[in-house]
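Letter by letter, the chains look like this.
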Amino acid sequence: MGCHFDVLVEPDGSVLGRFNLVDVADGGAELGYRVAERAAGRGVATDGVRRAVALARQAYGLRRLTAGTTLDNVGSLAVLRRTGFTPVGEVSLDGRPGLRFARGLTPDD
């Protein structure tokens, strides 16, 4: 299994967020991301996930992604839905209830 780690930075070099594809195997990977607190609510996570999806398809040749978040992480739930991920089941993340998401990748991504 492989991993791809990407960082989104501002023109001054400060980090806005990280977007990771981990457990890359058999045409799929798990997406994980985190944005700086100062960037919350500015669309940074949505933009970063869209960029990660495009990289997954175009640069890494992946066909599907999965992701998970806790039910109390309203921002991440919205970002995943907004970027084409669909809930596929319940999951426990660090002992907290959450949802597992999946997204197929198309040539347009």
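Along each chain, residues carry numbers from 1 onward, in the same order as the chain's sequence is written. Residue-level local features of this predicted model are given only where pLDDT is at least 70; pairs of side-chain atoms are given and counted only at 80 or more, and the full residue set underlies all totals for whole chains, interfaces and linings. With hydrogens and water stripped out, all remaining heavy atoms of the structure feed into the side-chain values.

Section: the nonpolar core
Operational definition: Joining through side-chain atoms within 4.5 Å is the link that ties buried Ala, Val, Leu, Ile, Met, Phe, Trp, Tyr and Cys residues into a set, and such a set is a nonpolar core. For each residue, the accessible area found with a 1.4 Å probe, counting protein chains only, is set against the maximum for its type, and the residue is called buried under 20%, exposed over 50%, and partly exposed in between. Only DSSP runs of H or I reaching four residues or more are called helices, and only runs of E reaching two or more are called strands; each is numbered from the N terminus. Any two residues whose heavy atoms approach within 4.5 Å at even a single point are treated as in contact.
Core analysis: the biggest nonpolar cluster contains 25 residues, and Leu21, Leu31, Tyr33, Val49, Leu62, Leu65 and Phe85 have the highest contact counts within it. Looking at this core, the elements that each hand over two or more residues are strand S2 (15–25), strand S3 (28–35), helix H1 (44–58), strand S4 (64–70), helix H2 (74–82) and strand S6 (96–104). Setting aside residues up to four positions removed in sequence, Tyr33 forms contacts with Arg18, Phe19, Ala45, Val49, Ser76, Val79 and Leu80.

Considering the pattern of salt bridges
Basically, it comes down to this: One speaks of a salt bridge when a side-chain nitrogen belonging to Lys or Arg is within 4 Å of a carboxyl oxygen belonging to Asp or Glu.
Scanning the model with the defined rule gives 4 salt bridges in all. Salt-bridge contacts for Glu10 lead to Arg38; the nearest nitrogen and oxygen are separated by 3.4 Å. Here Glu10, found in the loop between strand S1 (2–9) and S2, pairs with Arg38, found in the loop between S3 and H1; they are 28 residues apart in sequence, far enough to count as distant. Residue classification places Arg38 among the partly exposed residues on the basis of a relative accessible area of 46%. With a shortest N-O distance of 2.4 Å, Glu30 and Arg100 are connected by a salt bridge. Of the two residues, Glu30 is situated in strand S3 and Arg100 in strand S6; the sequence distance between them amounts to 70 residues.

With respect to the packing of aromatic side chains
Quick note on the threshold: Any two rings among Phe, Tyr and Trp, with Trp reduced to its six-membered ring, count as a pair given centres within 6.5 Å; such a pair is stacked if its planes are under 30 degrees apart, edge-to-face if over 60, and tilted if neither.
The full count for this structure, using the stated rule, is 1 aromatic pair. With a centroid separation of 6.1 Å and an interplanar angle of 15°, the aromatic rings of Phe19 and Tyr33 are classed as stacked. Of this pair, Phe19 sits in strand S2 while Tyr33 sits in strand S3; the two residues are 14 residues apart in sequence, bridging distant segments of the chain. Of the two residues, Phe19 and Tyr33, neither departs from the other in class, the shared state being buried.

Looking at a nonpolar patch on the surface
Rules: Patch rule: a residue counts if its relative accessible area is over 30% and it has no salt bridge; like charges are joined within 9 Å, and nonpolar side chains (Val, Leu, Ile, Met, Phe, Trp, Tyr) within 5 Å. Note on areas: Shrake-Rupley with a 1.4 Å probe; residue coverage comes only from the protein chains shown.
A contiguous nonpolar surface patch, about 240 Å² in accessible area, is contributed by Val7, Val9 and Val15. Examined against the element boundaries, Val15 turns out to sit in strand S2.

Here we look at the sheet that holds strand S5 (residues 86–93)
Just so we agree on the cut-off: Two strands pair under a simple rule: DSSP has to find at least two bridges between them. An axis is simply a line fitted to the C-alpha atoms; with a helix, the fit covers only the stretch in contact. Between two such axes, the angle follows the N-to-C directions and lies from 0 to 180 degrees.
Pairing in this open sheet of 6 strands is mixed, and the strands run S1-S2-S3-S4-S6-S5 from one edge to the other. Edge strands, defined here as strands with exactly one partner in the open sheet, are S1 and S5. The average undirected angle you get between the axes of adjacent strands in this sheet is 25°. Sheet topology places S2 next to S3; 7 bridges connect them, and they run antiparallel. Among the inter-strand pairings, Phe19 is bridged to a residue of S3, identified as Tyr33. Set on the sheet, H1 makes contact with S1, S2, S3, S4 and S6; between it and S2 the angle comes to about 35°.

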